[in-house]
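Listed here are the chains, written in short residue letters.
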Amino acid sequence: MRQDVYPIDALVAGLRGRLVAQPNWPAVIELANHALLTPSLFASLNEAGLLQHVPGDVRNYLQFIHDRNRERNLLLRSQLDEAVAAFNSVGIVPILLKGAVPLFLSGAAQNRMTSDLDVAVTAQDEAPAQTCLEELGYVAVSSGRGMERPQDVGVLELRLYHPDDFGAPKLVKQNELLVKIPSGSSRAWHWMAHDMLKEGDYWRGRMDLRHMYDLAQLSEDGQVDWTVFRASLSDKSVGNAVDTQLLSLNRFFGTPVPADCLERPLLRFQHWRRSFASRHPLLGAPLRLAGNLFWGAKRLSRVRELAQADPVHLVRRIAGVLCNENIRSKI
């Protein structure tokens, strides 16, 4: 493998329908599995007609994961349809979030690897929606959020819908089922706010490559006007976090973004920090540690509250953040 071709660059190239010279396939597959992007990698290479240039064992493995994910998506779609039908029967039109949106719109054709189903309802519908799910046999997950059944392949998370500044969700009818789909800008904000702000990726120097790929596809489909999107943000810190993500989208996926996102030194440093640590995990460890410490300092306002409620849990959370535990699919 050429020294300048890192697994993340080879994976991103594959997601864009390209092949780099002499990729280190074991490393690329390991990263794709971690980032939950293996089915998407196969689909992109297949669509670009490049699978014949991929070693046979690699091609077979990618297709195996893609096909198993397709089967799982069929089961998830059936599970989602059942829940939506139950909601509709009592007059509830749920709002679909995150991976549930492409799953509902595209079904088995959707190559995205989805971990669970995120469904939101208004405050007045929350109690009857909860009853609907309980009547279908759902019970609360013992640890964490959501509801589950032993026969299902995914957890269903019932959330309370919070309106944003990107317009009301659009009513969509498919196979006699009624749902509401948030706008592309709303979906983009959900992913950015969750990763960059709530989970601290902006300060910790991490990336959720799967969500970045989602954002790149939203932009490619013309569902987000980034100039209008940025104009809706009034907080400077939030704006910096969003602009950093936009710069990374441009550098990795070629996403067209406003010109000033490409020029500001702070954004370029933040992108470099995230990219360097992703390409050089050992050398980037001090950068990650510094980011974790800074992010922790920003959250000190809650330390007293958490310490009084459960000091042992607080210590475990601090240790987990410093040791980069529970990062799931992030890199």
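Please refer to the structure higher up on the page.
Right, let's walk through the structure included here. Values in this document were obtained by computation on a predicted structure and should not be read as measured data. (Residues numbered from 1 in each chain as written. Predicted model: local features only at pLDDT ≥ 70, side-chain atom pairs only at ≥ 80, totals over all residues. Heavy atoms only, no water.)

Some thoughts on the overall build of the protein chain
At step 1: The secondary structure content of the protein chain amounts to 15 helices and seven strands.
At step 2: Counting the 331 residues in the protein chain, one finds 49% classified as buried.
At step 3: Pairs at least 24 residues apart make up 67% of the contacts formed inside the protein chain by residues separated by at least 6 positions.
At step 4: For the protein chain, the accessible surface area stands at approximately 16,400 Å², while carbon and sulfur atoms represent 54% of it. (Helix = DSSP H or I, 4+ residues; strand = E, 2+ residues; numbered from the N terminus. Buried < 20%, exposed > 50% of the residue type's maximum accessible area, 1.4 Å probe, protein only. Contact = heavy atoms within 4.5 Å. Areas by Shrake-Rupley, 256 points an atom, 1.4 Å probe, with all protein chains shown as cover.)

Topic: the side chain of Q245
At step 1: With respect to the element layout, Q245 can be found in helix 11 (residues 236-253).
At step 2: Of note is the side chain of Q245, whose polar atom sits 2.8 Å from the side chain of R274.
At step 3: Once you skip the residues sitting within four places of it in the chain, Q245 turns out to touch M192, M196, M212, L215 and R274. (Polar contact = N/O pair within 3.5 Å; in protein donor to acceptor, adjacent residues only side chain to side chain.)

Here we look at the packing of helix 4 (residues 56-89) against helix 6 (residues 123-135)
At step 1: Close contact between helix 4 and helix 6 brings their axes to 10 Å; oriented N to C, the two are set at 130°. Considered as vectors, helix 4 and helix 6 are oriented oblique to each other. Helix 6 is crossed by helix 4, and the crossing has right-handed handedness. Contacts from A83, A86 and F87 in helix 4 reach A129, C132 and L133 in helix 6.
At step 2: A per-class count over the contact of helix 4 with helix 6 returns six nonpolar, no polar and no charged. (Axes fitted to C-alpha atoms, helices over the stretch in contact; angles between N-to-C directions. Parallel < 35°, antiparallel > 145°, perpendicular 65-115°, else oblique. Left-handed = near helix turned anticlockwise from the far one by under 90°. Nonpolar A, V, L, I, M, F, W, Y, C, P; charged D, E, K, R; others polar.)

Quick look at the side chain of R273
At step 1: Inspection of the secondary structure assignment puts R273 in helix 12 (residues 265-279).
At step 2: This buried residue, R273, is left without a salt bridge; D201 holds the nearest opposite charge, at 9.5 Å.
At step 3: Only 3.1 Å separates the side chain of R273 from the backbone oxygen of W203, close enough to count as a polar contact.
At step 4: There is a polar contact of 2.8 Å between the side chain of R273 and the side chain of Q270.
At step 5: Excluding anything up to four places from it in sequence, R273 contacts Y202, W203, R204, G205, L287 and G291. (Lys, Arg positive; Asp, Glu negative; His and termini not counted. Salt bridge = Lys/Arg side-chain N within 4 Å of Asp/Glu carboxyl O.)

Focus: the packing of aromatic side chains
At step 1: What the rule picks out here adds up to seven aromatic pairs.
At step 2: Arranged with centres 6.5 Å apart and planes meeting at 55°, the rings of W189 and F229 form a pair that is tilted. Pair noted here: W189 is in helix 7 (residues 184-198) and F229 is in helix 10 (residues 226-231), with a separation of 40 residues, a long-range link.
At step 3: Ring geometry for Y213 against F253: centres 5.8 Å apart, planes inclined by 35°, an arrangement best described as tilted. Pair noted here: Y213 is in helix 9 (residues 209-220) and F253 is in helix 11, with a separation of 40 residues, a long-range link. (Phe/Tyr/Trp six-rings, centres within 6.5 Å; stacked < 30°, edge-to-face > 60°.)

A short note on the pairing of strand 6 (residues 170-174)
Working note: regular strand, side chains alternate between the two faces of the sheet.
At step 1: Relative to strand 7 (residues 177-181), strand 6 is paired through five bridges, and the arrangement is antiparallel. When the sheet's bridge partners are listed, K173 is paired in strand 7 with L178.
At step 2: Taken together, strand 6 and the strand that follows it, strand 7, pair antiparallel across an intervening segment of two residues, in which N175 is found at a positive phi of about 55°. (Pairing = 2+ DSSP bridges.)

Quick word on the pattern of salt bridges
Note on pairing: side chains with opposite charge can pair once their charged atoms come close.
At step 1: All told, the structure shown has 16 salt bridges when counted by the stated rule.
At step 2: With a closest N to O distance of 2.9 Å, R159 and E157 form a salt bridge. Take R159 and E157: they sit in the same class, and that class is buried.
At step 3: Taken together, the salt bridges that share partners define one network made up of D118, R145, E157 and R159.

Structural notes on unusual backbone geometry
At step 1: Here the phi dihedral of L36 falls at roughly 60°; this positive angle occurs in a residue that is not glycine.
At step 2: Structurally, L36 is set in the loop between helix 2 (25-34) and helix 3 (38-47).

Section: the packing of helix 9 against helix 11
At step 1: The N-to-C vectors of helix 9 and helix 11 enclose an angle of 85°; their axes lie 10 Å apart at closest approach. One way to sum up the angle between helix 9 and helix 11 is to call them roughly perpendicular. Residues L209, M212, Y213, L215 and A216 of helix 9 pack against Q245, S248, L249, F252 and F253 of helix 11.

Focus: a nonpolar patch on the surface
At step 1: Taken together, the side chains of L266, F269 and W272 define a hydrophobic patch exposed on the protein surface, amounting to about 300 Å² of accessible area.
At step 2: When you line up the elements, F269 lands in helix 12.
At step 3: Accessibility expressed as a relative area gives 42% for F269, which makes it partly exposed. (Patch = residues over 30% accessible without salt bridge, like charges linked within 9 Å, V, L, I, M, F, W, Y side chains within 5 Å.)

As for the nonpolar core
At step 1: Grouped together as the largest cluster of nonpolar side chains are 45 residues, with contacts concentrated most on L11, L209, W226, F229 and F253.
At step 2: Elements supplying a minimum of two residues to this core: helix 1 (7-15), helix 2, helix 3, helix 4, helix 7, helix 9, helix 10 and helix 11.
At step 3: Ignoring anything within four residues of it in the chain, the contact list for L11 reads V28, L31, A32, L37, L41 and L209.
At step 4: I92, Y138, L177 and V179 belong to the second largest nonpolar core, which has 26 residues in total. (Core = buried A, V, L, I, M, F, W, Y, C linked by side-chain atoms within 4.5 Å.)

Remarks on the environment of S183
At step 1: Looking at the secondary structure, you find S183 in the loop between strand 7 and helix 7.
At step 2: Taking relative accessible area as the criterion, S183 reaches 22% and is therefore assigned partly exposed.
At step 3: Separated by 40 residues in sequence, S183 and Q223 place their C-alpha atoms 7.5 Å apart.

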